[in-house]
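A structural walkthrough
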Amino acid sequence: AEELANAHGGTALSLDFSKTTSLDVEATDILINNAAVNISRVNTIDVTLEDWEKNILINLTWPFVLIKKFIPYISEKEIDEIISTLADQLNKDFEGKNPLFIGVLNGSFMFVSDLMKKMKIDVELSFVKFQSYVGTASTGKVSELIGLSADLNKRHVVILEDIVDTGNTMGELLDLLGSEQPASLSIATLLVKPDVFNKKYVLHYVGKNIPNKFVVGFGLDYNELGRNLKEIYQLADNNQHD
Ligand code: IMP
């Protein structure tokens, strides 16, 4: 296992189970049963459908400690259907209004890309990002909005988010963008966790309501990993290394 780790720089490894059925090392035993993706803080391990069906038991030790197990949750097809529905609504509601879409980086990049391809009306696009840095001792951690260059005054603005959880991020964004006096300010989000969202403002366009479980893939990350996945995966209940 150590050899394999070193060969891959200890950062990412795809296990080929046709060649390797078991890595015999001393530490943690992890049963990969219905796991499709396992993401640890420093490593990713790709598990194929075949492995999944085989219910292979592998023994892993550092640096392959699996921390989180994610299972398939929203398929590529369903994501596509959700985005089509959102696009239909936006195409209808903003026809002739030349809306300005504002994507919130990083998580929204795949959603924005797919949504834009389905827009049939004239639409402009810009991106913003919250950059957090450590402020002075008195201000603590500060987050600043960067990238906002477009003039929002009298524009029909639609914020594009990947996920609204507590709604704190979106609330902050609404305050900041609202102060620029747009003609209208709407929110379109791919996912919402309604059990957690406790804000008064309206989420105008919601792709899908999901339970309060962490998700990764399709732009969403777990510690910056997993954004590249085409489907959305959900944290499994029985994580062994929580
Ligand atoms: P909120 O401020 O609690 O609504 O959280 C918003 C931000 O937290 C999102 O834009 C995401 O970047 C991140 N986030 C919240 N829940 C998840 C999740 O389940 N997976 C990945 N990122 C999430």
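Every value quoted in this text rests on a predicted model; they were computed, and no experiment measured them.

Of the regular secondary structure elements, the chain holds 5 helices and 14 strands. Of all intrachain contacts in the chain linking residues separated by at least 6 positions in sequence, the fraction that spans at least 24 positions is 68%. Surface summary for the chain: the accessible area is close to 12700 Å², and the carbon and sulfur share equals 50%.

Moving on to the site of the ligand. Taken together, 14 residues lie around the ligand, and Thr-166, Gly-167, Thr-169, Lys-193 and Val-215 are the ones closest in. At a separation of 2.8 Å, an oxygen atom of the ligand approaches a polar backbone atom of Asp-165. The contact in question runs from an oxygen atom of the ligand to an N or O atom on the side chain of Thr-166, over 2.5 Å. Compared with its free state, where it exposes 490 Å², the ligand has 80% of that area covered by protein. Mapped by element, the contributors of at least two residues to the shell around the ligand are strand 10 (156-164) and helix 5 (168-178). Of all the elements, strand 10 adds the most residues to the shell around the ligand, at 4 residues. Looking at side-chain class alone, the shell around the ligand contains 5 nonpolar, 4 polar and 5 charged residues.

Within helix 5, the full set of buried residues consists of Met-170, Gly-171, Leu-173, Leu-174 and Leu-177. Along the long axis of helix 5, the arc covered by the buried residues comes to 165°, so they all point the same way.

Of the residues in the chain, 66% have a pLDDT of 70 or more, and the chain-wide mean is 77. Long-range and interchain partners of residues 1-49, a stretch whose pLDDT sits below 50, account for 111 contacts in this model, where long-range means more than four residues apart.

Let us look at the pairing of strand 10. With 9 of its 9 residues buried, strand 10 lies for the most part within the structure. Two elements, strand 7 (residues 100-105) and strand 10, share 4 bridges in a ladder whose sense is parallel. Bridging from a neighbouring strand, Phe-101 pairs with Val-158 of strand 10. Across 8 bridges, strand 10 lies against strand 11 (residues 184-192) in parallel orientation.

Attention now goes to the packing of helix 3 (residues 76-93) against helix 4 (residues 109-117). Helix 4 packs onto helix 3 with a crossing angle of 55° between their chain directions and a minimal axis gap of 9 Å. By the angle between their directions, the pair helix 3 and helix 4 is classed as oblique. The two elements helix 3 and helix 4 cross, and the hand of that crossing is right-handed. Contacts between helix 3 and helix 4 involve Ile-83, Leu-86, Ala-87 and Leu-90 on the former and, on the latter, Phe-111, Asp-114 and Leu-115. Split into classes, the residues belonging to the contact of helix 3 with helix 4 amount to 6 nonpolar, no polar and 1 charged.

Counting through the fold element by element, Ala-150 comes out in the loop between strand 9 (141-146) and strand 10. Put simply, Ala-150 and Leu-125 are 25 residues apart on the chain and 9.3 Å apart in space, counted from C-alpha to C-alpha.

Moving on, we get to the nonpolar core. Counting residues in each nonpolar core, the largest one holds 27 residues, and the members touching the most others are Leu-115 and Leu-191. Looking at this core, the elements that each hand over two or more residues are helix 3, helix 4, strand 10 and strand 11. In terms of residue count, helix 3 provides more of this core than any other element does, 6 residues in total. Excluding anything up to four places from it in sequence, Leu-191 contacts Ile-74, Asp-162, Ile-163, Val-164, Lys-208, Ile-210, Val-215, Leu-220 and Ile-232. Phe-130, Leu-174, Leu-177 and Val-192 belong to the second-largest nonpolar core, a separate cluster that totals 19 residues.

Excluding glycine, residues mostly have negative phi values, and the peptide bonds linking residues are mostly trans. The omega angle of the peptide bond from Leu-105 to Asn-106 is 0°, so this bond is cis rather than trans. Relative to the helices and strands, Asn-106 resides in the loop between strand 7 and helix 4. With phi around 55°, Gln-181 is a residue other than glycine that occupies positive phi space. Mapped onto the elements, Gln-181 comes out in the loop between helix 5 and strand 11. A relative accessible area of 56% means that Gln-181 is categorised as exposed. Phi is positive for Phe-218, close to 50°, though the residue is something other than glycine. Along the chain, the position of Phe-218 falls in the loop between strand 13 (215-216) and strand 14 (232-235).

Conventions and cut-offs
Residues numbered from 1 in each chain as written. Predicted model: local features only at pLDDT ≥ 70, side-chain atom pairs only at ≥ 80, totals over all residues. Heavy atoms only, no water. Helix = DSSP H or I, 4+ residues; strand = E, 2+ residues; numbered from the N terminus. Contact = heavy atoms within 4.5 Å. Areas by Shrake-Rupley, 256 points an atom, 1.4 Å probe, with all protein chains shown as cover. Near = heavy atom within 4 Å. Polar contact = N/O pair within 3.5 Å; in protein donor to acceptor, adjacent residues only side chain to side chain. Nonpolar A, V, L, I, M, F, W, Y, C, P; charged D, E, K, R; others polar. Buried < 20%, exposed > 50% of the residue type's maximum accessible area, 1.4 Å probe, protein only. Arc of directions from axis to C-beta. pLDDT = per-residue confidence, 0-100. Pairing = 2+ DSSP bridges. Axes fitted to C-alpha atoms, helices over the stretch in contact; angles between N-to-C directions. Parallel < 35°, antiparallel > 145°, perpendicular 65-115°, else oblique. Left-handed = near helix turned anticlockwise from the far one by under 90°. Core = buried A, V, L, I, M, F, W, Y, C linked by side-chain atoms within 4.5 Å.

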